[in-house]
Number of protein chains: 4
Amino acid sequence: MTEYTSFDVAHLGNVELLTPTFDESLWFFRDLLAMRVVAEEGDSVFLRTWDEYQLYTIKLTAADDAGVGRTTFRTTSQEALERRVAAIEKMGLGTGWVDGEVGTGPTYMFQDPDGHTMGIYYESERYVATDDKPALKNQASAFPGRGVNARRLDHINYLAKDVVANGEFVAKALQGRESERIALDEGGFAAWWFHFNNKPYDIVYSAAGLKHGNRLHHIAFAPDTREDILKAADIFLENGIHIESGPHKHAINQTFFLYVWEPGGNRIELANAGARLLLDPDSPVVEWTQEERKKGQAWGMKTIETFHTHGTPIVKK
Amino acid sequence: MTEYTSFDVAHLGNVELLTPTFDESLWFFRDLLAMRVVAEEGDSVFLRTWDEYQLYTIKLTAADDAGVGRTTFRTTSQEALERRVAAIEKMGLGTGWVDGEVGTGPTYMFQDPDGHTMGIYYESERYVATDDKPALKNQASAFPGRGVNARRLDHINYLAKDVVANGEFVAKALQGRESERIALDEGGFAAWWFHFNNKPYDIVYSAAGLKHGNRLHHIAFAPDTREDILKAADIFLENGIHIESGPHKHAINQTFFLYVWEPGGNRIELANAGARLLLDPDSPVVEWTQEERKKGQAWGMKTIETFHTHGTPIVKK
Amino acid sequence: MTEYTSFDVAHLGNVELLTPTFDESLWFFRDLLAMRVVAEEGDSVFLRTWDEYQLYTIKLTAADDAGVGRTTFRTTSQEALERRVAAIEKMGLGTGWVDGEVGTGPTYMFQDPDGHTMGIYYESERYVATDDKPALKNQASAFPGRGVNARRLDHINYLAKDVVANGEFVAKALQGRESERIALDEGGFAAWWFHFNNKPYDIVYSAAGLKHGNRLHHIAFAPDTREDILKAADIFLENGIHIESGPHKHAINQTFFLYVWEPGGNRIELANAGARLLLDPDSPVVEWTQEERKKGQAWGMKTIETFHTHGTPIVKK
Amino acid sequence: MTEYTSFDVAHLGNVELLTPTFDESLWFFRDLLAMRVVAEEGDSVFLRTWDEYQLYTIKLTAADDAGVGRTTFRTTSQEALERRVAAIEKMGLGTGWVDGEVGTGPTYMFQDPDGHTMGIYYESERYVATDDKPALKNQASAFPGRGVNARRLDHINYLAKDVVANGEFVAKALQGRESERIALDEGGFAAWWFHFNNKPYDIVYSAAGLKHGNRLHHIAFAPDTREDILKAADIFLENGIHIESGPHKHAINQTFFLYVWEPGGNRIELANAGARLLLDPDSPVVEWTQEERKKGQAWGMKTIETFHTHGTPIVKK
């Protein structure tokens, strides 16, 4: 069939997480989130969720501090990749081509204004299940039926010194479309949500406060139902994982959420959007004032203090 | 913000349903599906779901027989509309421009090879809630909290004499991407699924059998959760609505489904996809053989006989 | 505590709630909880949940202040009633027989040590559905399919000056079996849970603090699923009902909960226990220390301050 | 039927299942239902569900044919045990006292009129978690977070030649209270449901048809939610377990169900009742006619043929 144009970026590709407690973090992703190790390389392992069509979702790397390494984005075509690379180069933020990792094709590396390391690629090897063959052939691999059963990576939320500058970068360099944002009374945004497809967000920038940018706020995985997230809370409780907040429903973008800290300290969200999609090609941005944000989350829960202070790497006082 | 190219068709726009029992059908959509009447015109009322950003979703029209009237599609831009009109005209299936209805801009009318009446448009008025203002401003109107609470229209499935010809038309005229299909042993397809966005399907053609094309198999609404569909089954049961099949899970595209017949006889589906999206821009089509289809639905339920025989208008023997 | 081989009390009978905003409270119970008015008498209406086998569940009475009026208990037999009356009389807390209300037989009135008004009865008229006939005849009436669809009353939680004295009264007078309790470091209990059947609690006493006993902490209704409670939160949000806390899971007795204040000020809980039942006839009491309670609720949410201070009637400072 | 003011039997104690494919059956219960092996003895292993307060739930025994071995019942007290034993002895169906197994005290053995082997006991050792300590101390052991996570045994359904005779035996010998039944047009019952507590059924007799009594129809486990049962269907599908019927909702007693055959051939149900309990001490029996049963299950699914023909041991033609 003929292929058609689309957003130039199709979706978040994969994310490298750094952890100072490698074995415990690996246990978290492999045993609790039911991810599968597909490759190992140096101080890193590559893990996939059960319905990821590509080879891997998370690269977990041993490091002195928690945090985020490289984030990649997959384009919708080779031409789209070239268009994005040209745009990034023009902005002077590109750092050049590298070989992709574990099934990922040639990747063009760049940095957002805040310094987060990013890459963009088009070619991608499709996962072929072997001993994890699914019963239904329209699924990437068998449903694991253990732990939290993370279906797919959903989005990433960065802490940045300058939310506006980084958001504008996403809009221009990656063609991200804004969906929602929190306006500060003094100007600028406290947080800004962007999407590349019908999901209401794929990448978010949150104000790092002070001077501590270039950090990770959280990454999120999408299970199928809110019940999955309630069960996840029980599983994290039984396994001694720090539950920071939730389950509850965000006012912004209405996501049903649960935030935990994996053993290395990185914040991980389990996020469910129900049947909510942004199908309107011209959907107007939804802006929230600071006054409105004081109401807390959708059902009134006050946002927990650490949500505004914790990020990785953890800032030493 | 800059707008970007995308699929030319954004989503199914709205659907006209014909019914020989107008009052009972209106009760079904308004009281059981919790839709809101936004306009009346001649023998028709226009109804909307609670999270539809446009003015209406269903035009319900009194008629001698049940069935589907006009189906429309919204494009992603004015240019996309022009591209699609040019393509349709070239195929000789266009019938010309008409004024859109109830908030819908200029609409170009055409027919699929099977004779189903269709329209395509770009301009669309956005719904502004008045007495149905939602608590969260990123929602089209208040959650009704009654009956089945249909959130949004999801897809349409047509009965056609020639599935292949009509599917190819969708691919060429509307740039639909195929997601799954059932191959017949003797060649051709028993059914073919197409999508315009990250949902795995928006429009489907099913073999009408015999000579009875140009009919409706069903339209589907998307509630948020599978639990919503289980509750819907209770509500339909209490209200004497014919439950044809389900709740169960389709093998194809893995939709959790419930099929009922609204009082006029049109088949209505409640469909939930969980967190399943087609994010892969190159997702290969999944083809099922007749042998594979014999296994029935995902969890083994045999497909009910009327699923292959009932459509609207109902064929008089 | 004494062990019993069977229960004389079958379940909580019904509860009278007092409200200073009668019309708004009636709207809450009838329109949001989907209860049905079965009788009116003076300043009161009698309402039932859809799967209550008796005639009514809540008597709603206009009053200057919110609070709880009479709570009744139904016994398992006439002999059980006589045994309980004899026990109460012996304790000197009985106030004599009255005619029951709206389908309730002769009722023996008494007070708990804290002064809450209570009644006990055996004879009870069974509800016969008329225009609310259910599709399945093993159900009291049709599933309403609107708002929160409260299935049945679940439990009552009183604020009392002396938790120990009142708990011992429940154990002796009503043969309540304790299930869980919070022990204070200085002795006594902060709260004490009792049950009359396989549900883990039917009546609870919570420390009123200070000198403000004889009040209501909350009453709870049981919907079928946790999803029902999540939907309820959306419905309360849309309707401007104060959501105090939740949805979340209690550590104690593991109930999935949502607390709201009905317009009159009375705290109402929606509570779901999943498949958890106390089937063990000798189940040992589970005691929690103050230290353990500091962990907050099951998934770590800190208990909201008003949960310890708000009760009805509201204490004027 | 005689009415009782209290129950001498507290609940189903445990069930011995026979299997011709011991290793595969053990895998099913241990790995898919997430049960834990607590003891082994000869050709048997003893397994427990995660929230069972006793030591074990299922005794799995290698045998030539599938089927049910001994079923036991726990009484509410020692006196209750003595009363039941006296009643059984008077009926001439007792076979004498034996030592209980794996934490179970002295057990009086007997047979129902159809020949099923049964035992009754009171003393029971309570499970003390070690490496499976739960995070919340009001739970028997940690939530396993794998497979189907069966919480507790729910009920047993026997195939018997004479449903009436066996039901009357349950009523007289065990003080079971009938909740629902299917009346045959020609007299007698096609199936009869009995309960010992607030659950609507603990033991059921179904007509074996022909001359093949003394068999097992199924045993059922209770997960917490309907969503658990939908996930269970996915897990059984992925693991090649034969799904016979469901998920769907029974008209009788309104249970949300899923029936599978464990590898040995025994039918296993996953059953969820929502918040439905029989709290009415005088709840009248609900009787269904054969005409009413023709409507199929609650949402209209026709009962699958094997539900009326398959039982264990499997009848060889």
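In the block above lies the structure referred to throughout.
For the structure given in this document, a descriptive report is provided here.

Rules used throughout
Residues numbered from 1 in each chain as written. Chains lettered and ligands numbered in written order. Predicted model: local features only at pLDDT ≥ 70, side-chain atom pairs only at ≥ 80, totals over all residues. Heavy atoms only, no water. Helix = DSSP H or I, 4+ residues; strand = E, 2+ residues; numbered from the N terminus. Rg over C-alpha atoms; globule rule 2.2 N^0.38 Å. Buried < 20%, exposed > 50% of the residue type's maximum accessible area, 1.4 Å probe, protein only. Contact = heavy atoms within 4.5 Å. Areas by Shrake-Rupley, 256 points an atom, 1.4 Å probe, with all protein chains shown as cover. Polar contact = N/O pair within 3.5 Å; in protein donor to acceptor, adjacent residues only side chain to side chain. Least-squares fit on C-alpha atoms with pLDDT ≥ 70 in both. Pairing = 2+ DSSP bridges. Expected span 1.5 Å × (residues − 1). Axes fitted to C-alpha atoms, helices over the stretch in contact; angles between N-to-C directions. Salt bridge = Lys/Arg side-chain N within 4 Å of Asp/Glu carboxyl O. Buried area = accessible area lost by both parts, 1.4 Å probe. Nonpolar A, V, L, I, M, F, W, Y, C, P; charged D, E, K, R; others polar.

**Quick look at the overall build of chain A**
Here comes step 1: Regarding its fold elements, chain A presents 6 helices and 17 strands.
Here comes step 2: For 317 residues, the compact-globule formula gives about 20 Å, and the C-alpha radius of gyration of chain A, at 19 Å, lands near that figure.
Here comes step 3: The principal-axis extents of the C-alpha atoms in chain A amount to approximately 55 × 50 × 40 Å.
Here comes step 4: Buried residues in chain A amount to 67% of all 317 residues.
Here comes step 5: Long-range contacts, defined as pairs at least 24 residues apart, comprise 68% of the intrachain contacts of chain A with a sequence gap of at least 6.
Here comes step 6: Carbon and sulfur atoms make up 51% of the accessible area of chain A, which amounts to about 10900 Å² in all.

**Here's the deal with the side chain of T75 of chain A**
Here comes step 1: Take T75 of chain A: it is sitting in strand 5 (residues 67-75).
Here comes step 2: Take T75 of chain A: its relative accessible area is 0%, and that puts it in the buried class.
Here comes step 3: One polar contact links the side chain of T75 of chain A to the main-chain carbonyl oxygen of S77 of chain A, over a distance of 2.9 Å.
Here comes step 4: Once residues within four sequence positions are removed from consideration, T75 of chain A is found in contact with D8, V9, A10, A80, L81, I120, Y121 and Y122 of chain A together with P281 of chain B.

**A few points about the relation of the copies chain D and chain A**
Here comes step 1: If you rotate chain D by 180° and push it 0.0 Å along the axis, it lands on chain A with an RMSD of 0.0 Å. A rotation of that kind, with that shift, is consistent with a two-fold axis. The C-alpha atom lying nearest the rotation axis in chain D is that of R146 of chain D; the distance is 2.0 Å.
Here comes step 2: Interface overlap between copies is the fraction of interface residues in one copy that are interface residues in the other; for chain D against chain A it reaches 100%, indicating a shared surface.

**Comments concerning the pairing of strand 4 (residues 58-62) of chain C**
All names here are of chain C.
Here comes step 1: Counting buried residues along strand 4, 4 of its 5 residues qualify, which places the element largely inside the surrounding structure.
Here comes step 2: Relative to strand 4, strand 1 (residues 9-19) runs parallel, the two sharing 5 bridges. By the bridge assignment, L18 is partnered in strand 4 with T61.
Here comes step 3: Where strand 3 (residues 44-48) lies against strand 4, 4 bridges are found, and the strand directions are antiparallel. Looking across to strand 4, one finds that F46 is bridged to K59.

**Digging into helix 3 (residues 163-174) of chain B**
All names here are of chain B.
Here comes step 1: The end-to-end C-alpha distance of helix 3, which contains 12 residues, comes to 16 Å, matching closely the 16 Å that a straight helix rising 1.5 Å per residue would cover.
Here comes step 2: Residues V163, N166, G167, F169, V170, A171, A173 and L174 constitute the buried set of helix 3.
Here comes step 3: Of the residues that open helix 3, the one with a side-chain oxygen 3.1 Å from the backbone nitrogen of V164 is D162.
Here comes step 4: Where helix 3 ends, the next residue or the one after it, Q175, has phi of about 60°, a positive value.

**Description of the sheet that holds strand 11 (residues 189-195) of chain D**
By way of backbone hydrogen bonds, the strands of a sheet pair with one another, either parallel or antiparallel.
Residue and element names in this part refer to chain D.
Here comes step 1: The 9 strands are arranged 14-15-16-13-9-12-11-10-17 in an open sheet whose pairing can be described as mixed. Of all the strands in the sheet, the pair left with one neighbour each is strand 14 (242-249) and strand 17 (286-288). The average undirected angle you get between the axes of adjacent strands in this sheet is 15°.
Here comes step 2: With 6 bridges connecting them, strand 15 (residues 256-261) and strand 16 (residues 267-272) associate as antiparallel partners. By the bridge assignment, F257 is partnered in strand 16 with A271.
Here comes step 3: The sheet contacts of helix 3 (residues 163-174) involve strand 9 (152-160), strand 11 and strand 12 (203-207), and relative to strand 11 the element is tilted by about 10°.

**A word on the pattern of salt bridges**
Here comes step 1: Under the definition given, this model contains 104 salt bridges over all chains.
Here comes step 2: Here R74 of chain A ties to D282 of chain B by a salt bridge, and the two come within 2.5 Å at their closest N and O atoms. Taken together, the residues R74 of chain A in strand 5 and D282 of chain B in the loop between strand 16 (267-272) and strand 17 (286-288) connect one chain to another.
Here comes step 3: As a salt-bridge pair, E16 of chain C and K59 of chain C come within 3.8 Å of each other at their nearest N and O atoms. With E16 of chain C in strand 1 and K59 of chain C in strand 4, the pair connects residues that are 43 residues apart, well separated along the chain.
Here comes step 4: Residue E16 of chain C is classed as buried on the basis of its relative accessible area, which comes to 13%.
Here comes step 5: Exposure remark for K59 of chain C: the relative accessible area of 13% places this residue in the buried category.
Here comes step 6: When salt bridges with common partners are traced through the structure, they connect D51, R151, D224 and D228 of chain A together with K231 of chain D into a single cluster.

**A closer look at the interface of chain B and chain A**
Here comes step 1: Counting residues at the interface gives 56 residues for chain B, matched by 56 residues for chain A.
Here comes step 2: Both sides together, the interface formed by chain B and chain A hides about 4700 Å², and carbon and sulfur atoms give 54% of it.
Here comes step 3: The interface formed by chain B and chain A contains 8 salt bridges.
Here comes step 4: When residues of the side of chain B that touches chain A are traced back to their parent elements, those giving at least two are strand 1 (9-19), strand 5 (67-75), strand 10 (177-183), strand 11 (189-195) and strand 17 of chain B.
Here comes step 5: Of the residues in the side of chain B that touches chain A, the class split is 22 nonpolar, 16 polar and 18 charged.

**Considerations on the relation of the copies chain B and chain A**
Here comes step 1: Turning chain B through 180° and shifting it by 0.0 Å along the axis lays it on chain A, with an RMSD of 0.0 Å.
Here comes step 2: Most of the interface of chain B is mirrored in chain A, where 100% of its interface residues are also at the interface.

**Here we look at the pairing of strand 9 of chain D**
All names here are of chain D.
Here comes step 1: With 9 of its 9 residues buried, strand 9 lies for the most part within the structure.
Here comes step 2: Note that strand 9 and strand 13 (residues 215-222) share 7 bridges and pair antiparallel. Bridging across to strand 13, L153 finds its partner in F221.
Here comes step 3: As defined by bridge partners, strand 9 adjoins strand 12 across 5 bridges and the pair is classed as parallel. Opposite L159, over in strand 12, you have S206 as the bridge partner.

**Quick notes on the interface of chain D and chain A**
Here comes step 1: Opposite the 20 residues of chain D that make contact, chain A presents 20 residues.
Here comes step 2: At the boundary of chain D with chain A, total buried surface from both sides reaches about 1400 Å², with 59% on carbon and sulfur atoms.
Here comes step 3: Summed over the three residues of chain D that lose the most area to chain A, namely F143, K231 and E238 of chain D, the buried surface amounts to 41% of that side.
Here comes step 4: Its salt-bridge partner being D224 of chain D, residue K231 of chain A comes within 3.9 Å of it at the nearest N-O pair.
Here comes step 5: At the junction of chain D with chain A, the criterion picks out 10 residue pairs in polar contact (both at pLDDT 80 or more).
Here comes step 6: Considered class by class, the residues forming the side of chain D that touches chain A number 7 nonpolar, 5 polar and 8 charged.

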